[in-house]
Amino acid sequence: MVMITALARAKINLTLDVLYKRQDGYHEIETVMQSIGLHDRLEFRPAGGGISLVVEGKGVPRGADNLVFRAAELVRSRTGTKKGVAIHLTKAIPVAAGLGGGSADAAVTLSVLNKMWEAGFSPAELLKLGEQLGADVPFFLQGGTALARGKGERLERLPPCPALGLVLVKPPFGVQTAAVYRVCSPGQALVKPGTRAMLEAIREGNAAGIAKRLANALEPVVFGMYPQIAQIKERLMKAGAIGALMSGSGPTVFGLTADLESARALAGRYSEPGMQVIVTECYNNTC
Ligand code: ATP
């Protein structure tokens, strides 16, 4: 078999509600997840023997801790195959940014190796394998627009969100998701997302309605730790975004626009030293 190239798309959270802390220590969440155009690129070449990984990009583990490597190991151990692979990962998704880059890479690795090594896992089996690597890996196996519950692994597909424009602003530091959840107390959440209203706005394809319902219960927690993230949100709104929100556990904030063209214009008006600014759009499998 020849080389396979695949794109691992990032996500944003249009809503993120933290419902309660579970007996197992995890938080029960309810979140509307949306694939976006920004992506890493992965190349897979059949190779004799083991698994090798070359990573282009900063701040990502190079060896066995990389989720790409762990996903490949998982397929290998589950199938007992002796086949090998040489993987080249080119990172474009900022790391520890709330954009799910590591999980997106893991999902692509599972699907490609399932084909390349003729492992024969069904879509449902792949979702189960994904869950072992991270709660949001199942979402990346499906992509598009979805409501996720549990730790993020229980998915309900939603109609595609309109192809809204996005300006992502990432400050020059990462945020560890676990650290945010450690200090999050769901009972005292200052933000209560209206998830039902968001689902309705998505079903209607109503951009203004989606912008109005953007809400993330983790924002007050993370804004308390890093006030500069709240300022990014304000700046994006002042610069003309129709809505703005921190994605996941941050620190990336996205500004929403009617289309890609308006996102480019918004990014042109947004300037702040030290910030990484990326223009992209909501991406649906139907595009
Ligand atoms: P999450 O909310 O799932 O923690 P995130 O978008 O905030 O995701 P990621 O970019 O997925 O963050 O990275 C989280 C951690 O995973 C990083 O600190 C990094 O060390 C580790 N990691 C392992 N493999 C990868 C990978 N292929 N790409 C990015 N990070 C990876």
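Use the structure listed above.
In what follows, the accompanying structure is described. Note that the coordinates shown come from a computational prediction; the quantities given were computed from them, not determined experimentally.

Notes on the nonpolar core
Phase 1: One finds Leu42, Phe44, Val85, Ile87, Leu110 and Leu113 to be the most contacted residues of the largest nonpolar core, which totals 36 residues.
Phase 2: The biggest single contributor to this core is helix H2 (residues 101-116), with 8 residues.
Phase 3: Apart from the residues lying within four places of it in its own chain, the contact partners of Val85 are Phe44, Arg45, Ala47, Gly50, Ile51, Ser52, Leu113, Met116 and Trp117.
Phase 4: Counting 28 residues, the second-largest nonpolar core is a separate cluster that includes Cys184, Ala230, Ile232 and Ala263.

Points about the environment of Pro172
Phase 1: Its place among the elements puts Pro172 in the loop between strand S7 (165-170) and helix H5 (177-182).
Phase 2: As for Pro172 and Tyr20, which are separated by 152 residues in sequence, their C-alpha atoms are 31 Å apart.
Phase 3: Beyond its immediate chain neighbours, meaning those up to four positions away, Pro172 contacts Gly274 and Met275.

Some remarks on the packing of aromatic side chains
Each aromatic ring pair is summarised here by two numbers: the centre-to-centre distance and the angle between the ring planes.
Phase 1: This structure, assessed with the given rule, holds 2 aromatic pairs.
Phase 2: When the centroid spacing of 5.3 Å and the interplanar angle of 75° are considered together, the rings of Phe139 and Phe140 count as edge-to-face. You'll find Phe139 and Phe140 in the same group, each marked buried.
Phase 3: Directly above the ring of Tyr283 sits Arg9, whose terminal nitrogen or CZ lies 3.6 Å from the centroid.
Phase 4: Here Lys151 stacks its cationic end above the ring of Tyr26, 4.2 Å away from the centre of that ring.

What counts, and where the lines are drawn
- What you see as residue numbers is a count from 1 along each chain, following the sequence as written.
- Reporting in this predicted model follows two pLDDT cut-offs: at least 70 for local features of residues, and 80 or more for side-chain atom pairs to be given and counted; totals over whole chains, interfaces and linings ignore these cut-offs and use all residues.
- The side-chain quantities take in all heavy atoms of the structure and omit both hydrogens and water.
- Only buried Ala, Val, Leu, Ile, Met, Phe, Trp, Tyr and Cys residues count toward a nonpolar core, and they belong to the same one when joined by side-chain atoms within 4.5 Å.
- Think of it in three bands: residues with accessible area under 20% of the maximum for their type are buried, residues over 50% are exposed, and the middle band is partly exposed, with areas taken using a 1.4 Å probe on protein chains only.
- Counting from the N terminus, the helices are the DSSP runs of H or I reaching at least four residues and the strands are the DSSP runs of E reaching at least two.
- Whether two residues are in contact is decided by their heavy atoms, any of which lying within 4.5 Å being enough.
- Any two rings among Phe, Tyr and Trp, with Trp reduced to its six-membered ring, count as a pair given centres within 6.5 Å; such a pair is stacked if its planes are under 30 degrees apart, edge-to-face if over 60, and tilted if neither.
- Two limits define a charge over a ring: the Lys NZ or Arg CZ must be within 6 Å of the ring centre, and within 35 degrees of the ring normal.

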